[in-house]
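# A closer look at the structure
Here are the chains, one letter per residue:
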Amino acid sequence: MDPFDSNSTERANLPRNMIENSMFEEEPDVVDLAKDSASFPTFPALDPDEVAYEPRSSRLLVRGLGENDMDEDEEDCESSARLLGMSFMNRSSSHRPSSSPYTRQPPPRSCSRPSARTMVVCVLFLVIVASMTMVLYFLPGCTFTKTGCKPNKTTPIEPVYPESTNGTLFPWAQLRLPQSVHPLSYDLTLNPDLDNMIFSGRTVIDMLVLHNTKRIVLHSANLNITKATFKLGDGDASDVTVLEYKPAQQIAVKFTEDLKAGQHCVLTLEYSAKLSHTYDGFYNSSYTDKDGNKRVLAATQFEPLSARKAFPCFDEPAFKATFLVKITRKPNYKTLSNMPKANVTALPNGLLRDEFERTSVNMSTYLVAFIVADFTPISKNVSETLVSVYSVPEKKEHTEYALDTASKLLEFYNNFFEIGYPLKKLDLVAIPDFLAGAMENWGLITFRETSLLVGKQSSSLEKQVVASVIAHELAHQWFGNLVTMSWWNDLWLNEGFATYMQYTSLQTVLPHLDIGNLFLAVRFRAMEKDALNSSHAVSTEVNTPEQVEEMFDSVSYEKGASILLMLKASLPGDGQFRKGIIQYLNQFSGLNTDTNDLWNSLTQVDVSTQHQNVSEMMSSWTSQKGFPLVTVSRKGDQVTLTQEHFLLTSDNATHTSSLWNIPVTYVNDSCSLAPECRQVFTLKTKSETLRLPESVKWLKLNYRNTGFYIVHYGDEGWAALRDALSSNVSVLTHEDRASLIHNIFALSRLGRVSVRHVFNLLDYMTNETETTPVLEALLQLNNLYRLLDKRQEHTLVARMKVYILHQFGSLMNNQTWVEEESVSKQELRSALLETACGLNEENCTQQAKALFQKYVDSNGTTRIPGDLQQVVFNVAAQSDEDWPTLLNMYEHVTYDAEKRKMLRGLASTQDARRIVWILNAGLKGDIIQTQELPLVINTVCNGFAGYLFAWDFIQENWDHLIEKFPVGSFAIQTVIKSVTSQFSTQAHLYQVKGFFSSLKERGAQMRSVQEALETIRLNQRWMDKNLPTLKKWL
C-alpha cells in the first residue's frame, strides 16, 4: 500500500511472529506446568495455544529449582530452602548483593563447632524460611517436595479470559489468533444495497485443524451475525453459538469435545452490516456525473485490519487461503474482484449475481477486494494478462497513460523477477473517495484518482507521480502478495521492497522521468524521522492495532528502501542482489517470511570470491532504530573513522551501545565523479583507521548518498570541501553536493556544527544550477524561515528573506513561465518560483497574477504549465478578488491533479475567516472531500496566519477526526506532524503535551505524539542556541 500523499513534492515531505513464538517456544530448563498437566489425570491437558497463559512469576520460580538440582546423596538440610530463597530473591535483583551468599559449597563434614560463619548461616536460614513462605503464597498451585514443585490436584493453572457480549467467558485473550485451526478456502457471498447503504453476507470457511482444540477463534468487526452452522468432516451441519469479544474484534465458537488434529471442518456464518462511512472495510463512496447527478458506489480497503469489517475471517497475514467471491448488483452496475468473472445469474428479484473464479493463489485476507460501481475500462493484453484501467465514465480519457505505464512495468517485473505474474487479469481502478495513495489488492489494485489519472496535456512531473505509484503497487504483486511478511512487525519486507523497486524499475523503464532525484529526496526525509529517539527499528514489536497502523510510516517505506539500496551498492556487481531476491521469491512463493529469510537468500547466492554474510551485515540496520554518524579525522596519512548513533535527543545508553556494519564509500580530489573512483571501507567497530596519501586534499564519504548515514568532516574537512566547491562546483556529483547540504543542516540540528558553518557552505550556492542541491538548500532554508516566522522573530525573518533572494535570485530570475519538457528542470523551476512568490518577490507575483488572469479570461482553456500551476494558484489565493474565483473553479474542474493544486492554493490563504472555513469544509466533506483534510491542514500550517487556527481545530474536532481516520493511521500521523512541527516554545510544548495526555486510549500512546513532543523540544533547543548567532550573522 502507498499511504503517502501522491503529490511528489509533498511526499518528499518483530522478529518473526514475535508475540506468537514467544508464547509457544519452550524455554530451556523450565518446568512447564501447563504442558506437564497432562500427566496428572485429575485435570485435562491444556490446549497448546494456552501455554502462553502460564503466570510469569510461576515460571521464574520453577526455573530456579530446575537450575539447581541437588545430587540425591547430598544431605544438606538447607538445600531446598536455599534454592527457593535464591529463586525468590532473583525476582528482585536490585536488592541482591554483588557477591551472593548462595554460592554452592561442598557440604560441611561437621556442624559441632560453633563459629561466626555458622551464626551467619543460621540467620540467613531464618530469612530463607520467610522467603519460602512468600513463595508458597505466590504459588498456590504448587506442593513443594524434595524433588521440587508439583501441581496441586485441586488448583490447575488457568488463563484469565475476558467476557463476551452475552456475558459468558470468551475463550481467547490475545491480539494474535490461536494457531489451532487454519483456513483453507472461503466462499463469500455479498449482497450490497447501495440505496440504504447496508449489506448482507454469507461466509463459508473450509478449515484444517492443526492440533487438538475445543475452540475456533477468528475476526469480525461491526457485523451482526444472524446464523452460524458448523460441520466436521463428512458429518451433518449443526447450529452453533457464536461468542463475540468486541474490544479485540474477535468471535469464537466453543466445543465440548476436541477437534482433532488433521480433521477438516466448515464454519458457515450469515450476517448483515452497514456500509462503512469511513475509508476502510466495505465502504460507500460517491461522485457527481457530468449531468450533476450523484452516483453512489461501494469499494473496499482492507489493509491492515479491515477485512473483518466486510466478512468474518482469520484476518492476519499468515492465514492465507483461496477465495471465491459472489456479489449481487443492480443491472446498471458492474462488479469487480481479484479474479475474472466466471458467470452471471439472474435472480427472481431482478438483481444479478456475479460469481468470480476462485483465486488461483493463496492470499492473505488484506488483499481481497471487490467493487460495485459503474466504472468504464480501457484494456490491453500484456504477456497473457489482461490489463485494464477503470475510472468513472467522465474521466476515461485520462486513463491511457496509466494503461501504457502499467503494461511496460508488468513486462519489466516479469523479466526482472523471472517469475510471471500469476493471475489472468490485472485491474487498476481509480476510486473517487480513497484515503491511501493506492492499495495493491492482488489483481484489483485501487488508487486515488490523483494517483492514476493524468490528461494528455499533463506535465512530465504529474506523470512522474502516477508512474511512481503504479510501479510501487505492481512491485507488490511479488513483494507482499506472492511472498508476504508473517506479521506486521516486518511490514518493511512488503513496503520497503516495493518502494525500492518503484525507483529501480522507473530508472530502467521510463528514464526520462528522472526518478532518481525523488529517491534521493525521500532518503533525506526518512533520516529526519529516524534521527528521533521516538523512532523505531525497521523490524519492531507490534502488539496493538494502533501499533499496526503506525508501522505504515517512512521507516517501513523509505528507510526500508534506503537500506536495500545501500546493500545493493555494497555487493559486487549487479548479480548477487538480483539473484538473491529471485531466490527469495522462488523459495517462499505463496508463503510468509521474516527479515532473516531475505538476508539468508541473499547470502546463499554470493557470487563474489570473498563470501559476504548479508545477514551479519544487515541485521544491525533492521534490528535497532536510527542510523550512524560517521566522523572523519585526519592525521598525516591516517584517516580515522568513528561511528556513533546520530540521535538528536541525547540518550547516553543508546548513544554508546549502538553499532552498525557500515559499507563506507568515499572519493577524493584525485578522482571524485565516475563510479570507478568509489572506494569501499567496512566500518564494523566503534573506530577504525585507513591510510591515504598525504597529498589528498579532501575526502567525500557516502558516494552519491547511497548509504544511510551522515558524515561529519570536522572543521578542516568541511573547510576543504567548501573551498573545493567554491573553486569548481562540478568537482562532486550533484547527489554528493546535495548530500553535503543535507548533512551540515543535520549536524547543526544535532549541535555539532554552528549555524555559521552552515551558511559558509551555502556560499557556493550562487554558482549552483543543478536541481537536487538547490531543492535541498531551499527546503532547509524554508523550514528555518517558517520556524522564525512562527516564533515572531520579525527582524530575522526579513533578513532571511533578503538572504534567500540574494543566494538564489539570479536563478529565480532565469526561470521561464512557458512549457518545459525536462522533469528535473520542472522540479527546479517550481521550487524556485514557489519560494520566490512565497517571499512576495515582486517579479514572481506579477508573472503569476498575469498567468492566472489569462487562465480565467479563457474560461480555463488556456493551459498553465503543470509545474507552474501550484505557484499560480498560491498567488491567486492571496487576493480577495481571486480567492472566490479559484474556489468556483475548484468546484467545477474535472482534472484531479489540477483540482488538488487549486485546493492547496485555497488553503494557503492568509485570511483568517477563509482559513476557518476551509478547515471546516474539509471535515464536513461536501465541497472538499474529507480524504483531502490532512493536505488542507498541512498547507494551512505552513502559513503564519493559519498554524494556530489549525492547532485549535484539531483539538476541538479530535473525536471527529479519529472517526474518519483510524488512530495511528498515516493520515493522523500527518495531521499531528503538521500542526506541531513548527512549535518552538515551552508554552506550546505544555499545550501539546497536555492535550494528547488527555486523550488516553483515543490517541495518547501514539508514537507520532512522542515524535511531536520531541520535535518541539529540539526546535526550542536549536532556537535557544542559534538565535543570537543568527542575529549577528544575518
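Residues numbered from 1 in each chain as written. Predicted model: local features only at pLDDT ≥ 70, side-chain atom pairs only at ≥ 80, totals over all residues. Heavy atoms only, no water.

This part is about the sheet that holds strand β7 (residues 238-239). The eight strands are arranged β7-β6-β10-β4-β3-β13-β16-β15 in an open sheet whose pairing can be described as mixed. Both outer strands of the open sheet, β7 and β15 (341-346), are each paired with one neighbouring strand and no more. (Pairing = 2+ DSSP bridges. Helix = DSSP H or I, 4+ residues; strand = E, 2+ residues; numbered from the N terminus.)

Attention shifts here to the state of the cysteines. In total, this model carries two disulfides according to the counting rule given. Residue pairing for Cys671: its cysteine sulfur links by disulfide to Cys677, the two sulfurs lying 1.7 Å apart. Measuring the twist about the S-S bond at about -65°, one finds the Cys671-Cys677 disulfide to be left-handed. When its relative accessible area of 31% is taken as the criterion, Cys671 is described as partly exposed. For Cys677, a relative accessible area of 9% translates into the label buried. (Disulfide = S-S within 2.5 Å. Buried < 20%, exposed > 50% of the residue type's maximum accessible area, 1.4 Å probe, protein only.)

On to the packing of helix α10 (residues 515-530) against helix α20 (residues 771-790), then. Here α10 crosses α20 at 30°, and the two axes come no closer than 10 Å. When the axis of α10 is compared with that of α20, the two are roughly parallel. For the crossing formed where α10 meets α20, the hand is right-handed. Facing α10, whose interface residues are Asn517, Leu520, Phe524, Arg525 and Glu528, α20 presents Thr771, Thr772, Glu776, Leu779 and Gln780. Tallied by class, the residues present in the contact of α10 with α20 amount to three nonpolar, four polar and three charged. (Axes fitted to C-alpha atoms, helices over the stretch in contact; angles between N-to-C directions. Parallel < 35°, antiparallel > 145°, perpendicular 65-115°, else oblique. Left-handed = near helix turned anticlockwise from the far one by under 90°. Contact = heavy atoms within 4.5 Å. Nonpolar A, V, L, I, M, F, W, Y, C, P; charged D, E, K, R; others polar.)

What follows covers the nonpolar core. In terms of nonpolar packing, the biggest core is built from 305 residues, with Phe311, Ile954 and Trp958 touching the most fellow members. When near neighbours in sequence (up to four residues on either side) are disregarded, Trp958 contacts Ile972, Ile976, Phe995, Phe996, Leu999, Arg1002 and Met1006. (Core = buried A, V, L, I, M, F, W, Y, C linked by side-chain atoms within 4.5 Å.)

Residues of helix α25 (residues 882-892) that are buried include every one of Asp882, Trp883, Leu886, Leu887, Met889 and Tyr890, and no others. Down the axis of α25, the buried set is contained in an arc of 165°. They therefore lie on one face. On its buried face, α25 is in contact with α23 (842-857), α24 (869-877), α26 (896-907) and α27 (912-924). (Arc of directions from axis to C-beta.)

All right, on to the packing of helix α21 (residues 794-813) against helix α33 (residues 1007-1033) then. For the pair α21 and α33, the least separation of the axes is 10 Å and the interaxial angle reads 55°. Between α21 and α33, the crossing angle belongs to the class labelled oblique. Considering only the axes of α21 and α33, their crossing is left-handed. Residues Leu796, Arg799 and Tyr803 of α21 pack against Leu1027, Leu1030, Lys1031 and Trp1033 of α33. Per-class residue counts for the contact of α21 with α33 are five nonpolar, no polar and two charged.

Residues annotated in UniProt with the feature "active site" (unreviewed entry) correspond here to Glu473. Residues within four places of Glu473 in sequence aside, it is in contact with Met1, Asp2, Ala438, Met439, Glu440, Ile445 and Phe447. (UniProt positions renumbered as here; feature names shortened; annotations may be inferred.)

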